[in-house]
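One letter stands for each residue in the lines below.
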Amino acid sequence: MAQTMQRGPVTGTAMNRRKRKAPFFVEFYRSAIGKKYAMAVSGVILMGFVLAHMIGNLKMYLGPAELDRYGEFLRELLVPLLPRTVTLWLIRSVLIAAFAVHIHAAYALTMMNRRARPVRYQSPRDYIAANFASRTMRWTGVIVLAFLAFHLADFTWGVKGIRGGGDSWHRGAPYENLVASFNRPVVAILYIVANLALGIHLWHGGWSLFQSLGLNNPRFNQWRRWFAWSFAGIIVVANVSFPIAVLADIVKV
């Protein structure tokens, strides 16, 4: 009896510890709506990067000096307030965090949906209507992520096994590196395919992010549709034009 009474307080303390809530943002993220918000906010950050990256790359049409100057401008951001390239790496850190949150939230939501609906849709029509967007987002996301790794190794880091060695990559020369990369038809085709996948991903993401943030009033659906199509279309058309311009000798060293 004494032993039982002695164990009681210990067990109660352990239970109280288990019941303690994590910080608000952790608890919020654990919920489905929290993950949807995280996906939407991280998606907005990544969409902003995609737009800024596309606008910067458009400078290649102004010639080598303009694109190279733009590359140097990014490395010199907030100098001398901060050392050279520090601001650029801070921006990269935010983007890496946004990628990590976006991928984890997408995976966690997929697992939550599977647990909530262990039986597949029985009607082909319902299956297409309910799952087409999520299945497309998953695979286009994987394609874009895989190509991003290749693109960084090829264009930003100049990895010899991917670049083919030699003098095809030079540090601090984005225009020359871009032309050398897209002069290879295989890379140009991969870039085009990846951007088509990116366009599909942006279209679904641009449409669904408003719903994830609770801004899904039917009165705004036409504007949501217009925004999704316009944003994705502009990004794809501009990005696909880069390898085509190089292969057609419109842009050359």
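Residues numbered from 1 in each chain as written. Predicted model: local features only at pLDDT ≥ 70, side-chain atom pairs only at ≥ 80, totals over all residues. Heavy atoms only, no water.

## Let's talk about the confidence of the model for the protein
(1) Moving on: Confidence along the protein averages 85 in pLDDT terms, with 83% of residues attaining 70 or more.
(2) Moving on: Note that pLDDT drops below 50 for residues 121-131; the model gives that stretch seven contacts with residues more than four away or on any other chain. (pLDDT = per-residue confidence, 0-100. Contact = heavy atoms within 4.5 Å.)

## Things to note about helix 10 (residues 221-247)
Residues separated by three or four positions in an α-helix point in the same direction, a consequence of the helix having 3.6 residues per turn.
(1) Moving on: Counted at 1.5 Å a residue, the expected span for helix 10 with its 27 residues is 39 Å, and the 39 Å between its end C-alpha atoms agrees.
(2) Moving on: The principal kink in helix 10, of about 25°, is found at Ser 241, preceding the proline Pro 243 by one to four residues.
(3) Moving on: Remark: Asp 249 follows helix 10 within two positions and exhibits a positive phi of approximately 65°. (Helix = DSSP H or I, 4+ residues; strand = E, 2+ residues; numbered from the N terminus. Expected span 1.5 Å × (residues − 1). Bend = angle between axes of the 7 residues up to and from the residue.)

## Considering the pattern of salt bridges
(1) Moving on: Tallied over the entire structure, the rule returns six salt bridges.
(2) Moving on: One salt bridge in this structure joins Arg 30 and Glu 27, with 3.1 Å as the shortest N-O distance. In this pair, Arg 30 and Glu 27 both sit in helix 2 (residues 24-30), three residues apart, roughly one turn of the helix.
(3) Moving on: Since its relative accessible area comes to 29%, Glu 27 is described here as partly exposed.
(4) Moving on: For the salt bridge of Glu 66 with Arg 69, the shortest nitrogen-to-oxygen distance reads 2.7 Å. Of the two residues, Glu 66 and Arg 69 are both situated in helix 4 (residues 64-75); the distance of three residues between them amounts to about one turn of the helix. (Salt bridge = Lys/Arg side-chain N within 4 Å of Asp/Glu carboxyl O. Buried < 20%, exposed > 50% of the residue type's maximum accessible area, 1.4 Å probe, protein only.)

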